[in-house]
Each structure stands twice: as C-alpha cells, then as structure tokens.
Amino acid sequence: MAQKEKDLNELFLDTLKDIYYAEKQILRALPKMAKVANSEELKKAFEKHHDETEEHVERLEQVFELIGKPARGKRCEAIDGIIDEGKEVMEEYANTPALDAGLLAAAQAVEHYEISRYGTLKSWAAKLEMKDAVKLLDQTLSEEKKTDELLTKVAEKAVNYQAAA
C-alpha cells in the first residue's frame, strides 16, 4: 500500500509539536539563566520572559485544542543545541564580565528560533484558514519580537560594554 501523501496540516502539526517542546525546554532554562546573570536588568528580562513563556505554552495548548489534537511535544534538536550552547556559556564564563553578553547571545538565538517558528506557523494557519490559531500565534509572535528588542536594548546599553571592559 502506498504511503499517504503528507500535507500542510501534518506539517503544521509537526511544527506545532516542535515549538511546544521548545517552549517547555525554554521554561526550564530561563530560571537557570536568570540565576547566574550578573546584570539586574538581564535577570528581570529573563524572569519576565519566563512568565510570558508560560502564556505561550497555554496558547499552544489552545491551538492543539482547536485542531483536535493532544498537546504533545516532539523532540527538537535545534532548540536542544541552542540551549546546550547557553549551558556551555554559563559553565565556561561563570563569574566573568563576559557572562551576561554570552547569556544574551544565547537568549537571542532562542528568540530568533521562536520568531521563525511562530512566523511560519502563523502563515500556515492562515493558508489552512485557521483564523483563531492565526490570532493566538500572532499574539505570541509579537511578544517574541518585543522580547528580542528588549534583549537588544539590554545588550547595547550595558552588557556588551561590561564584557569589553
């Protein structure tokens, strides 16, 4: 029997599982990053993003519900790699002026991954005429972009200068 051709619905579901897994991993990593950050502003940014990430997980669960599928993650090698790089920075640069710059770089790599995933999912949801999913995904996408902008401001304002000192 020939394998059924995979379609955009399946690709959407696979990618949804991917970002769901990623958000769960990010939820675990952010408190560790906040704990070791030197800059108070960076600690606060990580804590704020942790709270937002909990909302992102809830929105993803709503999207799973909308398409009638259980909310389950699917291991994502990309986010595992990005988070592992962040862990390396925490170990190799612990107690150095460069630590916060490294944490920021790792956090922005995560943000860019999320922005890419949410942008793709939003576009596919629109193509699949999932209006409610589009709204939920767009809300998260705009929050991810704001977090990325905040991290850039923190980096430009203080952290990168301290690392170069």
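Below: a short report on this structure. Quick caveat, the model's predicted, so the values are computed rather than measured.

**A look at the overall build of the protein**
(1) Moving on: Per the secondary structure count, the protein includes 5 helices and 0 strands.
(2) Moving on: Each helix (α) and strand (β) of the protein, taken in turn from the N terminus, gives the series α-α-α-α-α.
(3) Moving on: With respect to the three principal axes, the spread of C-alpha positions in the protein is 65 × 30 × 20 Å.
(4) Moving on: Expressed as a percentage of its 165 residues, the buried residues of the protein come to 45%.
(5) Moving on: When contacts within the protein are restricted to residue pairs at least 6 apart in sequence, those whose partners lie at least 24 apart make up 81%.
(6) Moving on: With the model as given, the accessible surface of the protein reaches about 9,400 Å², and the carbon-plus-sulfur share is 50%.
(7) Moving on: When the 25 basic and 34 acidic side-chain charges of the protein are each reduced to a single mean position, those positions are 4 Å apart.

**Description of the nonpolar core**
(1) Moving on: One finds Phe12, Leu42, Phe46, Ile79, Leu103 and Leu137 to be the most contacted residues of the largest nonpolar core, which totals 48 residues.
(2) Moving on: If you list the elements that add at least two residues to this core, you get α1 (8–36), α2 (40–66), α3 (77–92), α4 (99–127) and α5 (131–164).

**Regarding the pattern of salt bridges**
Pairing between side chains of opposite charge can happen when their charged atoms approach one another.
(1) Moving on: This structure, assessed with the given rule, holds 10 salt bridges.
(2) Moving on: A salt bridge links Lys74 to Asp14, with the shortest nitrogen-to-oxygen separation between them at 3.7 Å. Of this pair, Lys74 sits in the loop between α2 and α3 while Asp14 sits in helix α1, placing them 60 residues apart in sequence.
(3) Moving on: Under the relative-accessibility criterion, Lys74 is labelled partly exposed at 40%.
(4) Moving on: Measuring nitrogen to oxygen at the nearest pair gives 3.9 Å for the salt bridge that ties Asp84 to Lys87. Here Asp84 and its partner Lys87 are both found in helix α3, 3 residues apart, which amounts to about one turn of the helix.
(5) Moving on: On the basis of relative accessible area, Lys87 is assigned to the partly exposed category, the value being 36%.

What counts and how
- Residues numbered from 1 in each chain as written.
- Predicted model: local features only at pLDDT ≥ 70, side-chain atom pairs only at ≥ 80, totals over all residues.
- Heavy atoms only, no water.
- Helix = DSSP H or I, 4+ residues; strand = E, 2+ residues; numbered from the N terminus.
- Buried < 20%, exposed > 50% of the residue type's maximum accessible area, 1.4 Å probe, protein only.
- Contact = heavy atoms within 4.5 Å.
- Areas by Shrake-Rupley, 256 points an atom, 1.4 Å probe, with all protein chains shown as cover.
- Lys, Arg positive; Asp, Glu negative; His and termini not counted.
- Charge placed at Lys NZ, Arg CZ, Asp CG, Glu CD.
- Core = buried A, V, L, I, M, F, W, Y, C linked by side-chain atoms within 4.5 Å.
- Salt bridge = Lys/Arg side-chain N within 4 Å of Asp/Glu carboxyl O.

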